[in-house]
Amino acid sequence: MISVSGFHVGSGNRMTLDWSPLEKLIGSHQKFLLTTHVRPDGDALGSEVGLAELLQSRGRDVRIVNVSETPARYDFLDPQGARFHQFNELGAHPADLLDREALIILDLSSWSQLAGMADFVRAFTGPRLVIDHHVSQDDMGAVMLKDPTAESTGTLVLRAARALNVSLNPAMATGLLTAITMDTGWLRHPSTTPDTLRDVAELVQAGASLTGTYRFIFERNSLSRMRLMGETLAGLRTACEGRVAYASVTLKDLERTGATSQDTEDLIDATVSLRGVEVGLLFTELSRGGVKLSLRSREGFDCAKFAGQFGGGGHRAAAGASLPDPLEEQVSKVVQLVSQQVQAQRGPVVSA
Ligand SMILES: [Mn+2]
């Protein structure tokens, strides 16, 4: 299969994607399979719901199968518990997916992010399409509908709905609102533009609730997660004269607090809330061995480029990578590398 990037630059800095490959795929296939990356976030799951609703409104049969379990905070996207299926476990064995004619992959462009589902995707014989906004990109043997200037994959699904003249229902609007708000840090990140706010207004008009969605995601923490947050913050350290902040979560921390690895989502944001911090790092020990590194930046530091050295990726202001070595070794090594780069970029701090 050939890799196609079907975009041209539209007015302003926004790209205008040509959605005809999606239109054609819907026209010629009946049974769709949707998937996304490991440890799915709000953009991944919300985009899946949005696209599933879009396809269903066209009378198509849709299954969503993900490599990871759905985090509890996103259970409101699947009120009947019938929408998201986990690959190879609760009901979605590869053999059950043989009837799927076309595959759409959302919010990722790298094989590593498919983890345990990568082999299945490689072997999938039907057409595959990727809808994504990440900068980094592998050859996925797919038609790529990609716009790295988009603030979320949900934004792209919303544009697809417009291009295909699909009207929004409340479920679709809720999925896309979750996607857009979560990937923009609840409309705080610099990626948030007047267009983002117009998109959100349209979704609220179509039946999504900004208040309700916020409460579902942020105000249903478990006591275990709250304890983990407290302990992680208590362990926050700084380097490079306060320009770099870092914290780590070990398997022991999870065990002691009763938290799960899903409970670490957006703990990283606290690292850049400290005054004067330009780069925040979170090291999470993985049960399969090695460490997940998450990065956030507030100044010129390019997180995606840094993560790329370790086979990871993401965006300029937010990225991640998996590191093979034990936690202790990684922390000092990575903090030193990041500090050197921060130092080199801006020169030494002039004391006030
Ligand atoms: Mn995303």
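Conventions and cut-offs
Residues numbered from 1 in each chain as written. Predicted model: local features only at pLDDT ≥ 70, side-chain atom pairs only at ≥ 80, totals over all residues. Pairing = 2+ DSSP bridges. Helix = DSSP H or I, 4+ residues; strand = E, 2+ residues; numbered from the N terminus. Contact = placed C-beta atoms within 7 Å. Axes fitted to C-alpha atoms, helices over the stretch in contact; angles between N-to-C directions. Domains from an automatic or database assignment. Nonpolar A, V, L, I, M, F, W, Y, C, P; charged D, E, K, R; others polar. Buried ≥ 20, exposed ≤ 12 C-beta atoms within 10 Å, placed from the backbone. Core = buried A, V, L, I, M, F, W, Y, C linked by C-beta atoms within 7 Å. Parallel < 35°, antiparallel > 145°, perpendicular 65-115°, else oblique.

1. Focus on the sheet that holds strand β13 (residues 291-297)
Here is step 1: With mixed pairing, six strands are arranged side by side in an open sheet as β10-β11-β12-β13-β15-β14. Of all the strands in the sheet, just β10 (237-239) and β14 (313-314) have a single pairing partner and so form its edges.
Here is step 2: Inspection of the sheet shows β13 paired to strand β15 (residues 318-323) by six bridges, in the antiparallel sense. In the strand pairing of β15, Ser294 is matched with Gly320.
Here is step 3: Along the sheet, helix α11 (residues 327-346) makes contact with β10, β11 (244-249), β12 (279-285), β13 and β15, crossing β12 at roughly 165°.

2. Description of the domain arrangement of the protein
For interface size, the figure often reported is the accessible area lost on association.
Here is step 1: You can read the domains of the protein as domain 1 (4-218) and domain 2 (223-346).
Here is step 2: Using C-alpha coordinates to define each centre, domain 1 is positioned 27 Å away from domain 2.
Here is step 3: Tallying the contact residues gives nine residues for domain 1 and ten residues for domain 2.
Here is step 4: By residue class, the composition of the side of domain 1 that touches domain 2 is two nonpolar, six polar and one charged.

3. Some words on the pairing of β15
Here is step 1: The element β15 is extensively covered by neighbouring structure, given that five of its six residues are classed as buried.
Here is step 2: Hairpin geometry of β14 and β15 is characterised by an intervening segment of three residues between the two adjacent antiparallel strands.

4. Quick notes on the environment of Val49
Here is step 1: Of note, Val49 is situated in helix α2 (residues 42-57).
Here is step 2: On the neighbour-count criterion, Val49 (26 C-beta atoms within 10 Å) is buried.
Here is step 3: Each C-alpha atom, one on Val49 and one on Asp107, is 13 Å from the other, the two residues being 58 residues apart in sequence.
Here is step 4: What Val49 contacts, discounting residues up to four positions off in sequence, is Leu77, Arg83, Ala171, Met172 and Gly175.

5. Topic: unusual backbone geometry
Here is step 1: Its identity as a non-glycine residue notwithstanding, Leu187 has a phi of 65°, on the positive side.
Here is step 2: Following the sequence through the fold, Leu187 ends up in the loop between α5 (170-183) and α6 (194-205).
Here is step 3: If you check the backbone angles, Glu241 has positive phi at about 50° while not being a glycine.
Here is step 4: Residue placement: Glu241 occurs in the loop between β10 and β11.
Here is step 5: Overall, Glu241 belongs to the partly exposed group, with 13 C-beta atoms counted inside 10 Å.

6. Considering the environment of Gly42
Here is step 1: Inspection of the secondary structure puts Gly42 in helix α2.
Here is step 2: The spacing of Gly42 and Phe218 is 176 residues in sequence and 12 Å in space, taken between C-alpha atoms.
Here is step 3: When residues no more than four places from it in sequence are discounted, the contact partners of Gly42 are Tyr74, Thr178, Ala179, Met182, Asp183 and Ile217.

7. Thoughts on the nonpolar core
Here is step 1: Formed by 54 residues in total, the largest nonpolar core has its most connected members in Ile104, Leu129, Leu145 and Leu176.
Here is step 2: In this structure, Leu129 is in contact with Pro21, Leu22, Leu25, Ile104, Ala142, Val143 and Leu145, ignoring residues within four places of it in sequence.

8. Re the packing of helix α4 (residues 153-163) against α5
Here is step 1: Their axes nearest at 7 Å, the elements α4 and α5 cross at an angle of 140°. When the axis of α4 is compared with that of α5, the two are oblique. Contact residues: Thr153, Gly154, Thr155, Val157 and Leu158 in α4; Leu176, Ala179 and Ile180 in α5.

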